Amino acid sequence: MPGVGNDVVDLKDPENIGKSRDDRFLGRVFMVSERERIARAPFPDTLLWSLWAAKEAAYKAVSCADPAVCSIPRRYRVVLDAEEATRRIGRRTGRVITPRGELFLEVAVSEEWVHALAAGTEEALQRLCRRVKRLEGGKGAVNPSAFVRGALLREIARRLDCSVGDLSVIKKPDGLGAPRVLFRGELLAAEVSLSHDGRFAAFAFDPITLIPAVKAG
Amino acid sequence: MSVEQITQKVIDILRGYVKDTTLLEKATPETHILKDLKVNSARLVDIIIKCEDVFGTSIDDDEADRIATIGDAVLLIQQKAA
């Protein structure tokens, strides 16, 4: 069963601007049909990073259950609503066809960032708690990994009506698989997804999984 | 080209993409490019393209998918040069 994946891209990061003109990058990452859509798009960089974030979110979701699944972007086909994909700002839905099956997708686009979410069912996708946060102090002023973990734990603490100190984020020693959360030393069922890029950090998790892992089976 | 020469060239390439270059001072073959050097996935694509240019080789999708550490990149390039 796939977990939850999310990915944020800072559209104003200098390394991300103009990437739609980088033919070799496009060739490595996108299928021919995706490249054609990017080339025709009124805002090609925005569509490029929307598709990229969708592939990344889907990879994170499927790698929760199968850390060995391939991460080759071209093997994750993104299907966005055709009409919606022509808009610069807004929320788009779609699917990602992954090496481990099809996932449901939502991509939110603002003037400054793209944020993609992927989950195994439409219901799970709609339930997801998702946040995009601007790094306090700006890019380089804070450790983005620590910042996004802190933001996630504050949100979970609010929902569980506990102290942030009761919670911690753990990862397997090999760094593979989704991060998990301990509540007073007990593993929660929730698989969380963390992301950061440039000036932004983002997280997502399914709120109904904020229960002890042993009870969830 | 020796393993040491390939390793040095790979580290030189990484220097252009790693924000905190002090992380490269302690780099070993086991250093994970994404997790230890804090390189994001999009930049890893750029690094693979740069490796193709610098070493005059082509790296296909499946080969690229196996590159997680500096040692993985060095080994792949060494094998392709053999």
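What counts, and where the lines are drawn
- Residues numbered from 1 in each chain as written.
- Chains lettered and ligands numbered in written order.
- Predicted model: local features only at pLDDT ≥ 70, side-chain atom pairs only at ≥ 80, totals over all residues.
- Helix = DSSP H or I, 4+ residues; strand = E, 2+ residues; numbered from the N terminus.
- Rg over C-alpha atoms; globule rule 2.2 N^0.38 Å.
- Buried ≥ 20, exposed ≤ 12 C-beta atoms within 10 Å, placed from the backbone.
- Contact = placed C-beta atoms within 7 Å.
- Pairing = 2+ DSSP bridges.
- Axes fitted to C-alpha atoms, helices over the stretch in contact; angles between N-to-C directions.
- Domains from an automatic or database assignment.
- Nonpolar A, V, L, I, M, F, W, Y, C, P; charged D, E, K, R; others polar.

Asks: Just checking my understanding: could you explain the overall build of chain A for this structure?
Replies: Counting secondary structure elements, chain A contains 6 helices and 11 strands. Taken over the C-alpha trace, chain A has a radius of gyration of 17 Å; the compact-globule value for 217 residues is 17 Å, and the two agree within 12%. Principal-axis analysis of the C-alpha atoms gives chain A an extent of 50 × 40 × 30 Å. Here chain A, with 217 residues, has 42% of them falling under the buried criterion. The contacts of chain A with a sequence gap of at least 6 include a subset with a gap of at least 24, amounting to 59%.

Asks: For this particular structure, what's the right way to read the sheet that holds strand 1 (residues 5-10) of chain A?
Replies: Strands belonging to one sheet form pairs held by backbone hydrogen bonds; the direction of such a pair is parallel or antiparallel. All names here are of chain A. Across the sheet, which stays open at both edges, the 5 strands sit in the order 1-5-4-3-2 with antiparallel pairing between neighbours. Two strands in the sheet have a free side with no partner beyond their single neighbour: strand 1 and strand 2 (77-80). The mean inter-strand angle of the sheet, taken between neighbouring strand axes irrespective of direction, is 25°. Pairing of strand 4 (residues 101-109) with strand 5 (residues 113-119) involves 6 bridges; the strand directions are antiparallel. The residue of strand 5 that forms the bridge with Phe-104 is Ala-119.

Asks: Sorry, what's going on with the domain arrangement of chain A here?
Replies: You'll often see interface size given as the accessible area lost when the parts meet. Residues and elements named next belong to chain A. Partitioning chain A into structural domains gives domain 1 (5-132) and domain 2 (137-216). Listing elements by their share of the side of domain 1 that touches domain 2, those giving two or more residues are strand 1, helix 3 (44-65), strand 5, helix 4 (122-127) and strand 6 (129-134). Counting residues per element, the side of domain 1 that touches domain 2 draws most heavily on strand 1, which supplies 6 residues. Split by residue class, the side of domain 1 that touches domain 2 holds 10 nonpolar, 4 polar and 7 charged.

Asks: Honestly, unusual backbone geometry in this entry has me stumped. Any pointers?
Replies: Note: most residues except glycine have negative phi, and most peptide bonds are trans. Despite not being glycine, Asp161(A) has its phi angle at roughly 55°, a positive value. Relative to the assigned elements, Asp161(A) resides in the loop between helix 5 (144-160) and strand 7 (167-170). Note on Asp161(A): 6 C-beta atoms within 10 Å, which makes it exposed. Phi at Lys38(B) takes a positive value of approximately 60°, unusual for a residue other than glycine. Assignment of secondary structure puts Lys38(B) in the loop between helix 1 (3-15) and helix 2 (41-55). Here Lys38(B) falls in the partly exposed class, since 17 other C-beta atoms lie within 10 Å of it.

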